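Structure assessment
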Protein chains: 6
Amino acid sequence: MPAPCLELTHRQEFSAAHRLHDPALSDEENRRLYGPCNNPRGHGHNYEYEVTVRGPVPRSGMILDLNVLTVIMREEIFAHVDHKHLDHDVPFLQGRISTAENLCIAFWERLAPRLAGYDGCALHRIRVYETRGSFVDYYGPDA
Amino acid sequence: MPAPCLELTHRQEFSAAHRLHDPALSDEENRRLYGPCNNPRGHGHNYEYEVTVRGPVPRSGMILDLNVLTVIMREEIFAHVDHKHLDHDVPFLQGRISTAENLCIAFWERLAPRLAGYDGCALHRIRVYETRGSFVDYYGPDA
Amino acid sequence: MPAPCLELTHRQEFSAAHRLHDPALSDEENRRLYGPCNNPRGHGHNYEYEVTVRGPVPRSGMILDLNVLTVIMREEIFAHVDHKHLDHDVPFLQGRISTAENLCIAFWERLAPRLAGYDGCALHRIRVYETRGSFVDYYGPDA
Amino acid sequence: MPAPCLELTHRQEFSAAHRLHDPALSDEENRRLYGPCNNPRGHGHNYEYEVTVRGPVPRSGMILDLNVLTVIMREEIFAHVDHKHLDHDVPFLQGRISTAENLCIAFWERLAPRLAGYDGCALHRIRVYETRGSFVDYYGPDA
Amino acid sequence: MPAPCLELTHRQEFSAAHRLHDPALSDEENRRLYGPCNNPRGHGHNYEYEVTVRGPVPRSGMILDLNVLTVIMREEIFAHVDHKHLDHDVPFLQGRISTAENLCIAFWERLAPRLAGYDGCALHRIRVYETRGSFVDYYGPDA
Amino acid sequence: MPAPCLELTHRQEFSAAHRLHDPALSDEENRRLYGPCNNPRGHGHNYEYEVTVRGPVPRSGMILDLNVLTVIMREEIFAHVDHKHLDHDVPFLQGRISTAENLCIAFWERLAPRLAGYDGCALHRIRVYETRGSFVDYYGPDA
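Parameters at a glance
Residues numbered from 1 in each chain as written. Chains lettered and ligands numbered in written order. Predicted model: local features only at pLDDT ≥ 70, side-chain atom pairs only at ≥ 80, totals over all residues. Heavy atoms only, no water. Contact = heavy atoms within 4.5 Å. Buried area = accessible area lost by both parts, 1.4 Å probe. Salt bridge = Lys/Arg side-chain N within 4 Å of Asp/Glu carboxyl O. Polar contact = N/O pair within 3.5 Å; in protein donor to acceptor, adjacent residues only side chain to side chain. Helix = DSSP H or I, 4+ residues; strand = E, 2+ residues; numbered from the N terminus. Nonpolar A, V, L, I, M, F, W, Y, C, P; charged D, E, K, R; others polar. Pairing = 2+ DSSP bridges.

1. Observations regarding the interface of chain A and chain E
Each partner contributes to the interface: chain A provides 22 residues, whereas chain E provides 22 residues. Taken together, both faces of the contact between chain A and chain E bury some 1800 Å²; the carbon and sulfur share is 46%. Of all residues in chain A, Arg 41, Asn 46 and His 83 of chain A bury the most surface against chain E, accounting for 34% of the area lost on that side. At the boundary of chain A with chain E, the tally comes to two salt bridges. Among the ionic pairs, Glu 48 of chain E bridges to Arg 132 of chain A, the shortest N-O distance being 3.0 Å. Where chain A meets chain E, there are 19 residue pairs in polar contact (both at pLDDT 80 or more). When contributions to the side of chain A that touches chain E are tallied by element, the ones reaching two or more residues are β1 (5–18), β2 (43–56), β3 (84–85) and β4 (122–131) of chain A.

2. A closer look at the interface of chain A and chain D
Across the contact, 19 residues belong to chain A and 19 residues belong to chain D. Buried area between chain A and chain D, both sides added, is near 1600 Å², and the carbon and sulfur share of it is 53%. The tally of links between chain A and chain D comes to one salt bridge. Across the pair Arg 59 of chain A and Asp 22 of chain D runs a salt bridge, and its minimum N-O distance is 2.7 Å. Joining chain A to chain D, the criterion identifies eight residue pairs in polar contact (both at pLDDT 80 or more). Secondary structure elements with two or more residues in the side of chain A that touches chain D: β1 and β2 of chain A. The greatest single-element share of the side of chain A that touches chain D, amounting to seven residues, is contributed by β1 of chain A. When its residues are assigned to classes, the side of chain A that touches chain D shows nine nonpolar, four polar and six charged. With four bridges connecting them, β1 of chain A and strand β5 (residues 134–138) of chain D associate as antiparallel partners. Bridged to Thr 9 of chain A within β5 of chain D is Phe 135 of chain D.

This is the structure:
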């Protein structure tokens, strides 16, 4: 019988500024499209993001060591975005409009290769909360 | 390459009274079936409900403008149920027993057509919390 | 040296319907005064209430046994209000308009004498949450 | 038309001690593998666990009576684990390393047969939170 | 017997960017004093702030109509800070370093006179959460 | 005019095992006094504890640098109690029955002298949550 598959999720919080603005549009079009999120000086959030990995449970009882997952998330995401302006200070977000949808995709691209190195385990979902009452889920490019 | 698909969720809260009671059953049968939820004068909750839409991410970076989703939820659901008695004051709930399951189905019926008007985006899930520790999920009639 | 004084708080949740309505006023005056909370068929909440006792710490390390406090709260409050209509089903609320302020006062009156029976310990505060974002505190008639 | 399928989730909390330790490994290997979770005297958590059942909605409007689900969870899980040491006091956890993954599997084995007795309804998911920011999901041996 | 005094609290959330920076200090001194909060492009938060009023309970059962408090908070605070950069976009914060402490004081100055117009009721406390785990309380200049 | 006084609070979480047991009492007396908390193998919690300091706001706008407070809490409390058995592994808790009341007092004794070294600032309150719904507050030996 194969080992049963489970999903392990860890959540971290970071505080960042951002502004929704498409440089290909006029100021007027940006205001119409993004409303108050287009405020020229920006605004900010206590973002929360969850990373879920899926895989079989080996003898250790752990799909993936939670401390390993925690460190990978800190190194790949938290260290680059906490107390930063997402549109100016984060190289891997350059050229993307900083919506929660695009944060999910960018985080996936950084985390999927790092997590692929752990036997049998794969990145399953990224969730980004912009506020307590609104969030985005991404299950990868093949979902 | 097609645009990646993501899911956007927004949550709202409303305060309402209700009573579980099936008019086709006797009072005794109702008491046995619904227990304290059958209290004749009703009881109530701070309900929370989440609406999830799923779709591809266009150039704007937004599956659906969160402000649009917020307004649709307010118009179609919140305005009709907040500070109301679900069994007496809400036309679209008439003839249904006001369990969280039936609220999910009724909310789906109102929201699915409104949300179908947005390119590539479709209603994916309705979640209704009756209390912090109990909730119901509905993925539509085809799930 | 006297034993140091501390405060112990326990929280419980109950689900109830209610309506704000003053029988001494006209319907029109009630609507103006209480707005949507005056809806004739009522509305409801998942109320949370906290009871704080204050007293010296004896050798046991407990101001008051948490299980004792839990049982007193269940007997004096929870059993009378959960899954009830506050304005019709609760004898000790009759003749009071069921605002969070008046719930605090009524809960104090029931709990203060019960808690006075425990050596050195006294009721210190009642807090009632109507929603997650609004609550009332009462420190007793002498505060 | 068949009755629509929905999912009902209930959450409970329990407080327990545990220690991650594999008796087949040396003390040094255990320390390396489980880090601070291998502390010889153990540590503990306020665990939260969610049970989700999935099924069609009958005339009653309830997939499964929430009170029935609550009682089953109390009898099968809560009564055995609350205020206990998971590695010493819980017969159905003996021989398992008490990770959140293994708790999910053990809870599934106890709950799936009990819940199979309710018409059309089946256990769908077990979620175990070890802390507010980390949890495991299990969808059963066939998922 | 005088009417008993109670305290009513309402909480609102806003999303804003800010930067801790004292123009009287050198860049190096600012970095040392404020650390990552001095990031030149700023960062941001989902701030939560609570306003507590204290007063006697009149016949209506309400220290102050919660809807009145909500509107005053929206007009005096929320409308000026939500989706804004606190250091550039908010006239009443100019010349203040935007710590949670200084936000409390500035909010007090705007709210105290507005709330003084309600009979017997006075502003009692301002609380500002920068994150879920850190907040500041202010009881006014005379406390 | 003197600088206004405010209160700054920071919260941290730790996971620990413990057992309520008074060695001066018989096993039977311990069972009666502490109930399930006397379980011989112990149980555990995700404790949360808050530390509040009170003081005037200087030119920096910060009563106390939040990073300083965070580090002091980690060094004096968190590093000694996280992933530990409170009754066996923590020297400064030896000889105390590990109720939330006694944790508050022990934490106060460690933190008050450390925090006294910051100009004008003093420890004001320790709060310890054993579960989400029960906590203890301590305002020091003179309160």
